[in-house]
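Structural description and commentary
Below, each chain spelled out in residue letters.
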Amino acid sequence: MRIAIFGTVGAGKSTVSEEISKKLGYKVFPEPIDNNPYFDDYYKDRKANVFKMQIYMLTARSQQLMEAEELKNVIFDRTILEDPIFVATNHDTGAMNDIDYKTYTDFYENVVVPNLSDRGKFDLVIYLKVSTDKAIQRIRERGRYQEFDSPREYWDVLNKNYDNFFEKRKHMFDFLVVDAETDDLEEKMQFIMNKIYEKDSTLKK
(Lines give C-alpha, C1' and ligand atoms only; values in the text may rest on other atoms or scores of the structure.)
Protein backbone atom coordinates (compact mmCIF):
# COMPACT_ATOMS: atom_id res chain seq x y z
CA MET A 1 0.00 0.00 0.00
CA ARG A 2 1.24 3.50 -0.86
CA ILE A 3 0.39 5.83 2.02
CA ALA A 4 0.80 9.61 2.05
CA ILE A 5 0.77 11.66 5.25
CA PHE A 6 -0.76 15.09 4.62
CA GLY A 7 -0.90 18.10 6.93
CA THR A 8 0.54 21.41 7.96
CA VAL A 9 3.86 21.86 9.75
CA GLY A 10 3.45 20.60 13.31
CA ALA A 11 0.53 18.28 12.54
CA GLY A 12 2.50 15.22 13.67
CA LYS A 13 3.28 13.64 10.30
CA SER A 14 6.70 12.24 11.19
CA THR A 15 5.42 10.61 14.38
CA VAL A 16 2.49 8.99 12.57
CA SER A 17 4.73 7.87 9.69
CA GLU A 18 7.12 6.18 12.09
CA GLU A 19 4.29 4.47 13.99
CA ILE A 20 2.73 3.07 10.82
CA SER A 21 6.16 1.88 9.72
CA LYS A 22 6.69 0.06 13.03
CA LYS A 23 3.36 -1.73 12.67
CA LEU A 24 3.60 -2.62 8.98
CA GLY A 25 7.31 -2.63 8.23
CA TYR A 26 6.91 -0.11 5.42
CA LYS A 27 9.76 2.12 4.28
CA VAL A 28 9.31 5.80 5.17
CA PHE A 29 10.41 8.57 2.83
CA PRO A 30 10.94 11.49 5.21
CA GLU A 31 10.66 15.20 4.62
CA PRO A 32 13.89 16.17 2.74
CA ILE A 33 14.99 18.73 5.31
CA ASP A 34 18.24 17.47 6.84
CA ASN A 35 20.39 17.96 3.74
CA ASN A 36 18.51 20.97 2.41
CA PRO A 37 21.12 23.72 1.77
CA TYR A 38 18.44 26.44 1.73
CA PHE A 39 16.52 25.55 4.89
CA ASP A 40 18.30 27.89 7.33
CA ASP A 41 18.46 30.81 4.90
CA TYR A 42 14.80 30.35 3.96
CA TYR A 43 13.65 31.04 7.51
CA LYS A 44 16.06 33.96 7.87
CA ASP A 45 14.90 35.72 4.69
CA ARG A 46 11.94 34.18 2.86
CA LYS A 47 11.80 36.68 0.03
CA ALA A 48 15.43 36.12 -0.95
CA ASN A 49 15.31 32.33 -0.71
CA VAL A 50 11.76 31.14 -1.24
CA PHE A 51 12.05 30.30 -4.95
CA LYS A 52 15.30 28.38 -4.47
CA MET A 53 13.84 26.57 -1.47
CA GLN A 54 10.73 25.47 -3.33
CA ILE A 55 12.64 24.30 -6.40
CA TYR A 56 14.93 22.26 -4.15
CA MET A 57 11.97 20.67 -2.35
CA LEU A 58 10.22 19.93 -5.64
CA THR A 59 13.35 18.25 -6.98
CA ALA A 60 13.97 16.26 -3.79
CA ARG A 61 10.40 14.99 -3.67
CA SER A 62 10.52 14.06 -7.35
CA GLN A 63 13.64 12.02 -6.62
CA GLN A 64 11.84 10.28 -3.75
CA LEU A 65 8.97 9.32 -6.03
CA MET A 66 11.39 7.84 -8.55
CA GLU A 67 13.20 5.90 -5.80
CA ALA A 68 9.86 4.56 -4.56
CA GLU A 69 8.52 3.68 -8.00
CA GLU A 70 9.16 -0.05 -7.65
CA LEU A 71 8.03 -0.23 -4.02
CA LYS A 72 4.51 -1.46 -3.36
CA ASN A 73 4.55 -0.66 0.35
CA VAL A 74 5.76 2.81 1.27
CA ILE A 75 4.92 5.82 3.43
CA PHE A 76 5.57 9.40 2.36
CA ASP A 77 6.01 11.96 5.15
CA ARG A 78 4.51 14.74 3.02
CA THR A 79 4.38 14.43 -0.76
CA ILE A 80 4.95 16.38 -3.93
CA LEU A 81 1.22 17.16 -3.94
CA GLU A 82 1.77 19.61 -1.10
CA ASP A 83 4.54 21.74 -2.58
CA PRO A 84 2.10 24.12 -4.29
CA ILE A 85 0.43 24.69 -0.90
CA PHE A 86 3.67 26.17 0.44
CA VAL A 87 4.19 28.17 -2.74
CA ALA A 88 0.68 29.60 -2.51
CA THR A 89 1.24 30.46 1.15
CA ASN A 90 4.46 32.31 0.39
CA HIS A 91 2.70 34.17 -2.41
CA ASP A 92 -0.31 35.00 -0.22
CA THR A 93 1.93 36.37 2.54
CA GLY A 94 4.06 38.45 0.17
CA ALA A 95 7.26 36.39 0.33
CA MET A 96 7.01 35.26 -3.31
CA ASN A 97 6.38 37.77 -6.07
CA ASP A 98 3.87 37.33 -8.89
CA ILE A 99 6.48 36.46 -11.52
CA ASP A 100 8.12 33.71 -9.46
CA TYR A 101 4.71 32.39 -8.45
CA LYS A 102 3.55 32.14 -12.07
CA THR A 103 6.85 30.57 -13.17
CA TYR A 104 6.68 27.92 -10.45
CA THR A 105 2.98 27.20 -11.00
CA ASP A 106 3.39 26.90 -14.77
CA PHE A 107 6.34 24.55 -14.30
CA TYR A 108 4.47 22.42 -11.78
CA GLU A 109 1.30 22.13 -13.84
CA ASN A 110 2.94 21.66 -17.24
CA VAL A 111 6.07 19.68 -16.40
CA VAL A 112 5.70 18.00 -13.00
CA VAL A 113 2.05 16.93 -13.04
CA PRO A 114 2.12 15.32 -16.52
CA ASN A 115 5.15 13.26 -15.47
CA LEU A 116 3.79 12.02 -12.17
CA SER A 117 1.77 9.19 -13.77
CA ASP A 118 1.46 6.27 -11.34
CA ARG A 119 4.19 7.68 -9.10
CA GLY A 120 1.75 10.31 -7.83
CA LYS A 121 -0.99 7.82 -6.96
CA PHE A 122 -1.63 6.86 -3.36
CA ASP A 123 -3.89 4.21 -1.90
CA LEU A 124 -4.55 6.34 1.17
CA VAL A 125 -3.88 9.99 2.04
CA ILE A 126 -4.01 10.62 5.79
CA TYR A 127 -4.90 14.25 6.54
CA LEU A 128 -3.73 15.14 10.04
CA LYS A 129 -5.94 18.13 10.74
CA VAL A 130 -4.95 20.49 13.55
CA SER A 131 -5.54 24.06 14.66
CA THR A 132 -2.82 26.64 14.10
CA ASP A 133 -2.39 26.98 17.87
CA LYS A 134 -1.69 23.27 18.28
CA ALA A 135 0.66 23.26 15.27
CA ILE A 136 2.68 26.17 16.71
CA GLN A 137 2.83 24.46 20.10
CA ARG A 138 4.32 21.33 18.54
CA ILE A 139 6.72 23.33 16.38
CA ARG A 140 8.12 24.92 19.53
CA GLU A 141 8.23 21.64 21.42
CA ARG A 142 10.28 19.87 18.76
CA GLY A 143 12.85 22.67 18.84
CA ARG A 144 13.57 23.30 15.17
CA TYR A 145 14.84 26.79 15.90
CA GLN A 146 14.68 28.00 12.29
CA GLU A 147 10.88 27.97 12.45
CA PHE A 148 10.51 29.89 15.73
CA ASP A 149 10.48 33.40 14.29
CA SER A 150 7.93 32.78 11.55
CA PRO A 151 4.96 35.12 12.11
CA ARG A 152 1.60 33.77 13.19
CA GLU A 153 0.14 34.93 9.86
CA TYR A 154 2.33 32.46 7.96
CA TRP A 155 1.08 29.46 9.96
CA ASP A 156 -2.54 30.66 9.74
CA VAL A 157 -2.40 31.03 5.96
CA LEU A 158 -0.57 27.71 5.54
CA ASN A 159 -3.22 25.88 7.56
CA LYS A 160 -6.00 27.58 5.60
CA ASN A 161 -4.37 26.59 2.31
CA TYR A 162 -4.20 22.97 3.45
CA ASP A 163 -7.95 23.06 4.08
CA ASN A 164 -8.52 24.70 0.70
CA PHE A 165 -6.47 22.01 -1.06
CA PHE A 166 -8.40 19.28 0.69
CA GLU A 167 -11.78 20.76 -0.24
CA LYS A 168 -10.77 21.13 -3.88
CA ARG A 169 -9.03 17.77 -4.27
CA LYS A 170 -10.82 15.42 -1.86
CA HIS A 171 -12.61 13.72 -4.74
CA MET A 172 -9.26 12.81 -6.32
CA PHE A 173 -7.81 10.74 -3.47
CA ASP A 174 -8.93 8.39 -0.74
CA PHE A 175 -8.55 10.80 2.16
CA LEU A 176 -8.77 9.83 5.81
CA VAL A 177 -9.28 12.97 7.88
CA VAL A 178 -7.83 12.54 11.36
CA ASP A 179 -8.50 14.87 14.27
CA ALA A 180 -4.84 15.34 15.17
CA GLU A 181 -5.53 17.97 17.82
CA THR A 182 -5.17 15.38 20.56
CA ASP A 183 -1.75 14.35 21.83
CA ASP A 184 -3.08 10.84 22.51
CA LEU A 185 -0.99 8.96 19.94
CA GLU A 186 -2.59 5.62 20.74
CA GLU A 187 -6.05 7.00 19.99
CA LYS A 188 -4.93 8.48 16.67
CA MET A 189 -3.11 5.35 15.63
CA GLN A 190 -6.06 3.10 16.41
CA PHE A 191 -8.25 5.24 14.16
CA ILE A 192 -5.65 5.25 11.37
CA MET A 193 -4.82 1.55 11.56
CA ASN A 194 -8.49 0.59 11.51
CA LYS A 195 -8.77 2.37 8.17
CA ILE A 196 -5.64 0.72 6.81
CA TYR A 197 -6.87 -2.73 7.88
CA GLU A 198 -10.25 -1.96 6.34
CA LYS A 199 -8.51 -1.34 3.02
CA ASP A 200 -6.32 -4.44 3.32
CA SER A 201 -7.35 -6.98 5.95
CA THR A 202 -4.28 -9.14 5.20
CA LEU A 203 -2.13 -6.57 7.00
CA LYS A 204 -3.82 -7.26 10.32
CA LYS A 205 -1.85 -9.73 12.38
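Residues numbered from 1 in each chain as written. Predicted model: local features only at pLDDT ≥ 70, side-chain atom pairs only at ≥ 80, totals over all residues. Heavy atoms only, no water.

Counting residues in hydrophobic clusters, the biggest one holds 39 residues, and the most contacted among them are Phe6, Phe122, Trp155, Leu158 and Phe175. If one sorts the elements of this core by residue count, helix 7 (residues 152–169) sits on top with six residues. The residues contacting Phe122, other than those within four sequence positions of it, are Arg2, Ala4, Leu65, Phe76, Thr79, Leu81 and Phe173. Core analysis: the second largest hydrophobic core is formed by 23 residues, Ile5, Leu128, Tyr197 and Leu203 among them. (Core = buried A, V, L, I, M, F, W, Y, C linked by side-chain atoms within 4.5 Å. Buried < 20%, exposed > 50% of the residue type's maximum accessible area, 1.4 Å probe, protein only. Helix = DSSP H or I, 4+ residues; strand = E, 2+ residues; numbered from the N terminus. Contact = heavy atoms within 4.5 Å.)

Here helix 5 (residues 98–116) is 19 residues long and its end C-alpha atoms lie 26 Å apart, about the 27 Å a rise of 1.5 Å per residue gives. At Tyr108, helix 5 shows its strongest bend, of approximately 35 degrees. Among the residues of helix 5, Tyr104, Tyr108, Val112 and Leu116 are the ones counted as buried. Taken together, the buried residues of helix 5 touch helix 3 (46–67) and helix 4 (83–92). Where helix 5 begins, one side-chain oxygen reaches toward the backbone nitrogen of Ile99, 3.1 Å away; that side chain belongs to Asn97. (Expected span 1.5 Å × (residues − 1). Bend = angle between axes of the 7 residues up to and from the residue. Polar contact = N/O pair within 3.5 Å; in protein donor to acceptor, adjacent residues only side chain to side chain.)

Our focus in this paragraph is the pairing of strand 3 (residues 74–77). Going residue by residue along strand 3, you find Val74 and Phe76 tucked away on one face and Ile75 and Asp77 tucked away on the opposite face as well. By the bridge criterion, four bridges tie strand 1 (residues 2–6) to strand 3 in an arrangement that is parallel. Each residue of the ladder has a partner; that of Ile5, found in strand 3, is Asp77. As defined by bridge partners, strand 2 (residues 27–29) adjoins strand 3 across three bridges and the pair is classed as parallel. Bridging across to strand 3, Val28 finds its partner in Ile75. (Pairing = 2+ DSSP bridges.)

Moving on to the side chain of Thr132. Relative to the elements of secondary structure, Thr132 occurs in helix 6 (residues 132–142). The class of Thr132 is buried, set by a relative accessible area of 9%. At a separation of 3.1 Å, a polar atom in the side chain of Thr132 contacts the side chain of Asp156. A distance of 3.3 Å separates polar atoms of two side chains, one belonging to Thr132 and the other to Asn159. Once residues lying within four places of it in the same chain are set aside, the contact partners of Thr132 are Arg152, Trp155, Asp156 and Asn159.

UniProt marks Asp77 with the feature "active site" (unreviewed entry), using the numbering shown here. Its place among the elements puts Asp77 in strand 3. Note on Asp77: relative accessible area 4%, which makes it buried. Those residues within four positions of Asp77 in sequence are excluded, and the remaining contacts are Ile5, Lys13, Ser14, Ser17, Phe29, Pro30 and Glu31. A distance of 2.6 Å separates polar atoms of two side chains, one belonging to Asp77 and the other to Ser14. (UniProt positions renumbered as here; feature names shortened; annotations may be inferred.)

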